[in-house]
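# What the coordinates show
The residues making up each chain are set out below.
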Amino acid sequence: MDPRRAIATGLNVEHVSPAELYDVLNAASSQDLSQIQASSKRLKEMLEMFGTYDAFYEIIAQRSLPLAVRQQAIIQFKNAALAHWKSRKILNEEHRVRIRNRCLTLLDEEDETIAQCNRFIVGKIARYDFPSNWGNLINDILSAINTHLQKRYVAAIDDPQDGKDALVLRRSFQLLNGLLKELASAKMFDRVNTMANIVNFLYPVLYEMYSQLATNISPNTVALQTIQSPRIHVDVLLSHLVYKCLVKMTLWLWNRLDKVSKEELAVNQGRIQELFQVSIVQVKALTALRTDLVIGLIQANLNTDPQAQRFIDLFTRHIRVFGKFFRRLQQLSSVRFVALPMCSDLILYYWSQVVEATTGKAPNLVSDSNQAVYPVRYLVQGMVLFKESLTQWTPTRRDGTLNENSLSEEFIRNAVELLVTRFMPLNPTDLESWVADPEEWVNVEDKENDLWEYEIRVILQKEALYCALGRCAARLKDVIPFNEWLEHTLSIEVQNPNPKFPIIKRRIAWLIGKWVSDASATPNNPKLWEILVHLLKDRGPGTDYVVRLTTVVAIKECLDTLEFETPFFEPHLPMVVSELIGMMGEADTFESKRRIDHTLNVVIEQVGQLVS
C-alpha cells in the first residue's frame, strides 16, 4: 500500500488506513500464531500514525463488527492512547471530540470487557479534559440515568426493553463510580477544585436517587418468592452502585475537613453525618433482612439454587460496602470517627452481631462464604471496628480524667472470653490440613497478616488461650510470671506423650518465640532452651513434623535478639545444628527449607565461633 502523508505540527506523519487497521486487529484476534506475530509488529508501527486512536474508537463503536476485533481495539486504545492523549502528532482536536462522544455511546454495551475498558478510559480522559474540554460529561451521564430511571420506576411500564434500561443504568452508575475514583485521587490544586465542584453538584442528586432506590429493598419486596426475579436483582445492584458513588464523595469530603473554610466545613460535615447515620440504619435493616433470607433458604432447601445464590452473593457484597465505608472513615481519622453521631451505637451493633453469630445455634452457620448466615468477612469488619474504637471506652482519658463512657469489667471479660473460646481455636479443617500436608500448614499458618484479617476459627480451648497469650505478650509481660510458667507448666506439657498434644506443643513453641521476639521474655533462660531443644529433637509419640518446624522458627526468634547471650545456648549447640541439618534433608517444600536455612544462618551468626 502506498502510504499517505499528513502534515501535523510541521512534521510528516503517516496517516492511518482504517481498512488496514481493521485487518491488523482481525489478524491479532485470530488463532494463527504467525498472523498474531505479524499483526503485532505492524500494530506497533501503526500506533505512531496520525488518526489511529480515532479509528480504534470508530471500530469499537460499531456493534456489527466481530466482538473479538472490538475488544482488541479497545484494549489497544486503553494500553497506548492515554499516554499520547495530548500529542498533536497523532491526534487532533476533532479526533478527541469524536472519541469522547463515542465513549458515551457505549452506555448500553453488553460486553463486559469493552465496558470495563471504556470506564477506565473515560476516567483517564476526564482527568485531562474535564471540565474545560468535556464539560457536558457528567450532565450527559445523568441525562441517561434520569431517562432510564423514569422508564423503569416512574412510568412503571412492564416493558420488554427493561433489560436495556437496567443495562444503561448499570453502565452509567459504574461509569460515574470510576470517574469519581479517578478524579478523587488528583492532588493538583485545580483538580481538587474540580472535584469539589463535582461533589457539590452530584452529591445531592445521587443522595436523592439512593433514597428512592433503597425503598425497593425491604421485606415487602425482597422475599424467598422474589429473589429469583431479575428485577429484584437489578434493584439491589443499582442501589449498590449509587451507594458506592456516595461513599467515594463522602470519603473525599472526610479527608479534607481540615482544609476548607468554615462555611464549607458546615456543609461537608452535614453531608458526612447524613450519609453516616443513614448507613447505620440501612446496614441494620439490610443485615436483618439478609439473615432471614439465608435462614429461610436453608430451611426450604433452596440455598443451592443458582439464582438464589447469585442474589445472596450480591446482597452480601452490598452489606459489606457499608462496613468498608465505616472502616475507611475510622482509618482516615479515628478521633473524628468516634465523635460522629450514633458511632457508639454502630460499634456495639456490630459487636452484637459477633456475639449472636457465636452463641446458641449460630456457630454452625459461620463460614468464609457469602452464602453463610454469618459470613466471616462481615464479622471481621465488626471486630476490627470494635478493636480500633476501644480507646474511646478506656476508664481514663489521655488527659487523666475519668471516662464516663468506659466499658464495664463484665463486658470486657465477656468479650475476651468470646474471642478466646470462639475465634482463636483451630477448627476441623485446620486439623485435617495439619495431617495432610504439615509443611504447607506451617507455611500458611505463619502468614499472620493474611490469616487473621479474614479467618475465624472454632476448637481446643487451651491452644486458643495460649494463642491469645502469645498475641498479647507485650501487654501481659508485667502480669504473667513467664519464667515460673515455663518451669512449672510448659516444661511439663512438652513431655506429654498424648497423641493429641502436638497441637499444644506446637503452640508452646510458637508462644515462646513470640514472647522473646516481642522483648517480653528473656532468651537467657536455661529452661527455655531445654524446652525448645526437646521439641526440636523429639520423635516419640505426642509430637510431629509441624511441632518441629514451628520450633525451628521459635529458635531463630530467640537467637535473633539483642539480649541473647551465648552461654545459655552453648550446651545445646551441637544438638540444634545436627537436628537442623537433618530436617533440611527431610523438608519437601522450598518454603520449609528456607525457614530451616534461615535459622541455621542465625545460629552461625550468633555463635559461629563455636561451630566446628
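Let me sum up the structure you'll find in this document. The written sequence of each chain sets the order in which its residues are numbered from 1. The predicted nature of this model means local features are confined to residues of pLDDT at least 70 and side-chain atom pairs, given and counted, to a pLDDT of 80 or more, with totals for whole chains, interfaces and linings taken over all residues. Only heavy atoms go into the side-chain values, all of them from the structure, while hydrogens and water stay out.

### Structural notes on the overall build of the protein chain
Here is the rule: Per the convention used, a helix needs a DSSP run of H or I reaching at least four residues, while a strand needs a run of E reaching at least two, with both numbered from the N terminus. Three exposure classes are used, based on accessible area relative to the maximum for each residue type with a 1.4 Å probe and protein chains only: buried under 20%, partly exposed in between, and exposed over 50%. Any pair of residues with heavy atoms lying within 4.5 Å of one another is described as a contacting pair.
Tallying secondary structure elements over the protein chain gives 28 helices and four strands in all. When each of the 612 residues of the protein chain is scored for burial, the buried share is 50%. Looking at the protein chain alone, contacts between residues at least 24 apart form 75% of all its contacts between residues at least 6 apart.

### Re helix 4 (residues 67-80)
Worth spelling out the cut-off: Under the convention used throughout, the expected extent of a helix is 1.5 Å for every residue step, that is, one less than its residue count.
The end-to-end C-alpha distance of helix 4 is 20 Å, a good match for the 20 Å that 14 residues give at a rise of 1.5 Å each. Tucked into the core, helix 4 has its buried residues touching helix 1 (18-28), helix 2 (33-46), helix 3 (52-60), helix 5 (93-103) and helix 6 (112-129).

### As for the layout of surface pockets
To locate leftover empty space, one rolls a probe as large as a water molecule over the atoms. Stated formally: Buried and open spaces are told apart on a 1 Å grid over the protein atoms alone, a cavity being a set of points where a 1.4 Å probe fits but cannot get out and a pocket being an open set with protein on both sides within 12 Å along at least five of seven lines. Residues with an atom within 4 Å of a point are the lining residues. Grid points are joined across faces, edges and corners, and a volume is the space filled by probe spheres set on the points. Each residue gets one of three labels, nonpolar for Ala, Val, Leu, Ile, Met, Phe, Trp, Tyr, Cys and Pro, charged for Asp, Glu, Lys and Arg, and polar for the others, Gly among them.
Approximately 760 Å³ is the volume attributed to the second largest pocket. Residue lining of the second largest pocket: 25 residues in total, with Lys181, Val247, Lys248, Leu251 and Arg328 positioned closest to the centre. Looking at the lining of the second largest pocket, the elements that each hand over two or more residues are helix 8 (162-184), helix 10 (230-254) and helix 12 (306-332). In terms of residue count, helix 12 provides more of the lining of the second largest pocket than any other element does, nine residues in total. When its residues are assigned to classes, the lining of the second largest pocket shows ten nonpolar, four polar and eleven charged.

### Focus: the pattern of salt bridges
In a structure, side chains of opposite charge can pair up when their charged atoms sit close to one another. Basically, it comes down to this: We define a salt bridge as a side-chain nitrogen of Lys or Arg found within 4 Å of a carboxyl oxygen belonging to Asp or Glu.
Scanning all chains against the criterion turns up 26 salt bridges. In this structure, the salt-bridge partner of Glu182 is Lys124, at a minimum N-O distance of 3.3 Å. You can see Glu182 sitting in helix 8 and its partner Lys124 sitting in helix 6, a full 58 residues away along the chain. According to the relative accessible area criterion, Glu182 is buried, its value standing at 14%. Across the salt bridge formed by Lys151 and Asp165, the nearest N and O atoms sit 3.3 Å from each other. Of the two residues, Lys151 sits in helix 7 (residues 137-154) while Asp165 sits in helix 8, which places them 14 residues apart along the sequence. On the basis of relative accessible area, Lys151 is assigned to the partly exposed category, the value being 35%.

### Observations concerning the side chain of Thr52
Examined against the element boundaries, Thr52 turns out to sit in helix 3. The exposure class of Thr52 is buried, given its relative accessible area of 0%. The residues touching Thr52, leaving out its near neighbours within four places in the chain, are Val16, Leu21, Met46 and Leu47.

### Focus on helix 1
Inclusion rule: Taking the helix axis as origin, the arc is that swept by the directions to the C-beta atoms.
Along helix 1, the positions that sit buried rather than exposed are Glu20, Leu21, Val24, Leu25, Ala27 and Ala28. For helix 1, the buried positions fall inside an angular range of 160 degrees around the axis, keeping them on one side. Each element contacted by the buried residues of helix 1 is listed here: helix 2, helix 3 and helix 4.

### Comments concerning the packing of aromatic side chains
In plain terms, the rule: Stacked, tilted and edge-to-face are the three classes applied to pairs of Phe, Tyr and Trp rings, where Trp contributes its six-membered ring and a pair requires centres within 6.5 Å; stacked means planes under 30 degrees apart, edge-to-face means over 60, and tilted covers the rest. Charge-over-ring contacts are defined here by two conditions on Lys NZ or Arg CZ: a distance within 6 Å of the ring centre and an angle within 35 degrees of the ring normal.
One pass over the structure, following the stated rule, counts 21 aromatic pairs. Judged by centre distance (5.9 Å) and plane angle (35 degrees), the rings of Phe325 and Phe326 are tilted. Each member of the pair, Phe325 as well as Phe326, carries the same accessibility label: buried. Within the aromatic cluster, the residues linked to one another by ring pairs are Tyr210, Tyr243, Phe276, Phe322, Phe325, Phe326, Phe337, Tyr349, Tyr350 and Tyr378. It is Lys78 that lies over the ring of Phe120; its NZ or CZ is 4.8 Å from the centre. Across the ring face of Trp510, the terminal group of Arg507 is positioned such that the distance to the ring centre comes to 4.4 Å.

### Considering empty space enclosed by the protein
Inspection of the entire model under this criterion finds three cavities of 30 Å³ or more. Here the largest cavity is characterised by a volume of approximately 80 Å³. Where the lining of the largest cavity is concerned, the elements lending two or more residues are helix 11 (262-299), helix 12 and strand 4 (374-375). Considering only residue class, the lining of the largest cavity consists of five nonpolar, four polar and two charged. The space that makes up the second largest cavity amounts to roughly 50 Å³.

### Brief notes about the environment of Leu104
Among the structural elements, Leu104 can be located in the loop between helix 5 and helix 6. For Leu104, a relative accessible area of 16% puts it in the buried group. Expressed as a C-alpha distance, the spacing of Leu104 and Asn118, which sit 14 residues apart in the sequence, is 8.9 Å. Contacts of Leu104, omitting those with residues within four sequence positions, involve Trp134, Leu137, Asp140, Ile141 and Leu175.

### Points about the environment of Gln392
Note on placement: Gln392 falls in the loop between helix 15 (376-388) and helix 16 (409-423). On the accessibility criterion, Gln392 (16% relative accessible area) is buried. Here the alpha-carbon distance between Gln392 and Ala339, two residues 53 residues apart in the chain, equals 9.3 Å. Once residues lying within four places of it in the same chain are set aside, the contact partners of Gln392 are Val338, Ser344 and Asn403.

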